[in-house]
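These are the residues of each chain, in order.
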Amino acid sequence: EETVLRARDIHVEYDGERPTRAVRGVSFELRRGEVLGIAGESGCGKSTLAYAITRMLKAPARMTGGSIAFHDRDGAETDLLALDDESLRTFRWSRLSMVFQSAMNALNPVTSIGRQFGDIFRAHRPEMEPDEREKRTRALLEMVGIDADRVRSYPHELSGGMRQRVVIAMALALEPDIVIMDEPTTALDVVVQREILDEVERLREELGFSVIFITHDLGLLLEISDRLAVMYAGEVVEYAPAEELAAGAAHPYTQGLLRSFPDLTGVRRELRGIPGSPPDLRENLVGCAFADRCEHAFEPCRSTTPRLLELGREGGPWSAACHLNDPAHRPPAPATDPAP
Ligand code: SF4
Ligand code: MG
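From a predicted model like this one, the values you see are computed outputs, not experimental measurements.

**A look at the nonpolar core**
Formed by 88 residues in total, the largest nonpolar core has its most connected members in Ile 212 and Val 230. The element contributing the most residues to this core is helix H5 (residues 160-172), with 8 residues. Two domains each put at least three residues into this core: domain 1 (103-175) and domain 2 (249-325). Those residues in contact with Val 230, other than ones at most four positions away along the chain, are Ala 39, Gly 40, Val 236, Val 237, Glu 238, His 251, Tyr 253, Thr 254 and Leu 257.

Below you can see the structure in the form of structure tokens.
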């Protein structure tokens, strides 16, 4: 399949007396039209990663390594790290846009919805006539299930769910190739969240954009993603097709996450969080970052850092960073009874 974004070995640090290594060597590929879910507990670096790939990091955070390449439909490649501020602004709306959890609060309170869409078009489509701008705004509002006459409304006249839909419509205004959504519906109630996600899914099928969807809600991600990257302590520890992952994760951390939320089918399961907490990312970590919490830790885990290895499983690419999956380190299988 066609790749639209390729991130390689991304590193982000928060400067301080002892820098915090928030993202430690993350690589991924986003395919055209897919939903890539990024899962992990809060503090695992998933939002920081999103800010890094959109080049929105602010001090004290800074990218200390890596490359990000965007591929457009005719195969031309853009190095995101080489863009100047002006090109980056254009790129952000027309190629890649973002919806953040608090985005609905970022709408300008003293400006009508129509005017705020107008500002986007004036900045990026200066050739557009005013009546064309209004027509397009009305169409975008309807597209996300909002009455077109809301073009005259002010943000405070809309519910939280409607404001978040407005933000999604804005993100789609210039028909970007990629939309990054970081906890886009977490602040909303479950029913509204469901409506909005269904809407996004419909729009994605219609318009063909790719989505990077970030949330701590693994159940939600399994449902809406094509593929999933599971992050722990600033690294991707498992990278897998979503459907297959639900049936059997390779990494003990993912297995723990899967056990800690209720079954999608409604079957009641014991809710079991993963005991312990992630390591201090100011420390120089040696070995597996999950070792302190892992019930399978064995000899190489505290001395050798596991690398992401392709597992060759069905539905792949599917990779995991765990010595259990590495033939070089695999512990001897427990003795079993000889076959009868
Ligand atoms: Fe557990 Fe070792 Fe695998 Fe880390 S590498 S997840 S400690 S078994
Ligand atoms: Mg976050």
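Next comes the rest of the description.
**Digging into the sheet that holds strand E4 (residues 61-71)**
With antiparallel pairing, 4 strands are arranged side by side in an open sheet as E2-E1-E4-E5. Among the strands making up the open sheet, the edge pair consists of strand E2 (20-31) and strand E5 (77-79). For this sheet, the mean inter-axis angle between neighbouring strands, taken without regard to orientation, is 5°. Where E4 lies against E5, 3 bridges are found, and the strand directions are antiparallel. Residue Phe 70 lies in a different strand from E5, and its bridge partner there is Thr 78.

**So, the UniProt feature "domain: ABC transporter" (unreviewed entry) in the chain**
The sites that UniProt annotates as "domain: ABC transporter" (unreviewed entry) are residues 5-258. Taken end to end, residues 5-258 is 37% helix and 27% strand, and its two terminal C-alpha atoms sit 28 Å from one another.

**With respect to the site of ligand 1**
The full set of residues close to ligand 1 is Pro 252, Cys 288, Phe 290, Ala 291, Cys 294, His 296, Ala 297, Cys 301, Pro 306, Cys 322, His 323 and Leu 324. Class assignment of the residues belonging to the shell around ligand 1 gives a composition of 10 nonpolar, 2 polar and no charged.

**Here we look at the domain arrangement of the chain**
When its domains are assigned, the chain resolves into domain 1 (103-175) and domain 2 (249-325). Using only C-alpha atoms to locate each centre, domain 1 and domain 2 end up separated by 42 Å.

**Brief notes about the packing of helix H3 (residues 113-124) against helix H4 (residues 130-143)**
Two elements in contact, H3 and H4, have axes whose closest approach is 10 Å; the angle formed by their N-to-C orientations is 115°. Here H3 and H4 pass one another in a crossing that is right-handed. Contact residues: Gly 114, Phe 117, Gly 118 and Phe 121 in H3; Arg 133, Glu 134, Arg 136, Thr 137 and Leu 140 in H4. A class-by-class count of the residues in the contact of H3 with H4 yields 3 nonpolar, 3 polar and 3 charged.

**What about helix H1 (residues 46-53)?**
For H1, a buried count of 7 out of 8 residues is recorded, marking the element as mostly surrounded by other parts of the structure. Taken together, the buried positions of H1 are occupied by Lys 46, Thr 48, Leu 49, Ala 50, Tyr 51, Ala 52 and Ile 53. The positive-phi residue at the C-terminal boundary of H1 is Arg 55, with phi of around 55°.

**Overview of the confidence of the model for the chain**
In the predicted model, the chain carries a mean pLDDT of 91, and 94% of its residues have values of at least 70. Across the interface, the model reports ipTM at 0.96; the global pTM reads 0.92.

**Structural notes on the sheet that holds strand E10 (residues 235-241)**
Strand order in the open sheet formed by 8 strands is E6-E7-E8-E3-E9-E10-E12-E11, with mixed pairing between adjacent strands. Strand pairing shows two members of the sheet lacking a second neighbour, strand E6 (96-100) and strand E11 (309-310), which therefore form its edges. Summarising the sheet, E6 and strand E7 (residues 178-182) pair through 5 bridges and their orientation is parallel. Considered in E7, the bridge of Phe 100 is made with Asp 182. Against the sheet, H5 makes contact with E6 and E7, and its axis sits at roughly 170° relative to E6, the strand it touches most. Those strands touched by helix H9 (residues 252-259) are strand E3 (35-39), strand E9 (227-232) and E10, and its axis lies near 105° from that of E9.

**Remarks on unusual backbone geometry**
Look at the link from Ala 59 to Pro 60: it is a cis peptide, with omega at 10°. Among the secondary structure elements, Pro 60 is positioned in the loop between H1 and E4. Cis geometry is found at the peptide bond from Gly 316 to Pro 317, where omega equals 10°. Note on placement: Pro 317 falls in the loop between E11 and strand E12 (319-320). With a phi close to 55°, Arg 55 is a non-glycine residue in the positive phi region. For Arg 55, the position within the fold is in the loop between H1 and E4. Residue Ala 233 is not a glycine yet carries a positive backbone phi of 50°. Along the polypeptide, Ala 233 turns up in the loop between E9 and E10. Residue class for Ala 233 comes out buried when judged on the 23 C-beta atoms lying within 10 Å of it.

**Thoughts on the environment of Ile 274**
Relative to the assigned elements, Ile 274 resides in the loop between H9 and E11. A residue is classified by how many C-beta atoms lie within 10 Å of it, and Ile 274, with 19 of them, is partly exposed. Ile 274 has contacts with Gly 256, Ser 260 and Arg 293, leaving out every residue within four places of it along the chain.

Calculation criteria
- Residues numbered from 1 in each chain as written.
- Chains lettered and ligands numbered in written order.
- Predicted model: local features only at pLDDT ≥ 70, side-chain atom pairs only at ≥ 80, totals over all residues.
- Core = buried A, V, L, I, M, F, W, Y, C linked by C-beta atoms within 7 Å.
- Buried ≥ 20, exposed ≤ 12 C-beta atoms within 10 Å, placed from the backbone.
- Helix = DSSP H or I, 4+ residues; strand = E, 2+ residues; numbered from the N terminus.
- Domains from an automatic or database assignment.
- Contact = placed C-beta atoms within 7 Å.
- Pairing = 2+ DSSP bridges.
- Axes fitted to C-alpha atoms, helices over the stretch in contact; angles between N-to-C directions.
- UniProt positions renumbered as here; feature names shortened; annotations may be inferred.
- Near = placed C-beta within 6 Å.
- Nonpolar A, V, L, I, M, F, W, Y, C, P; charged D, E, K, R; others polar.
- Left-handed = near helix turned anticlockwise from the far one by under 90°.
- pLDDT = per-residue confidence, 0-100.

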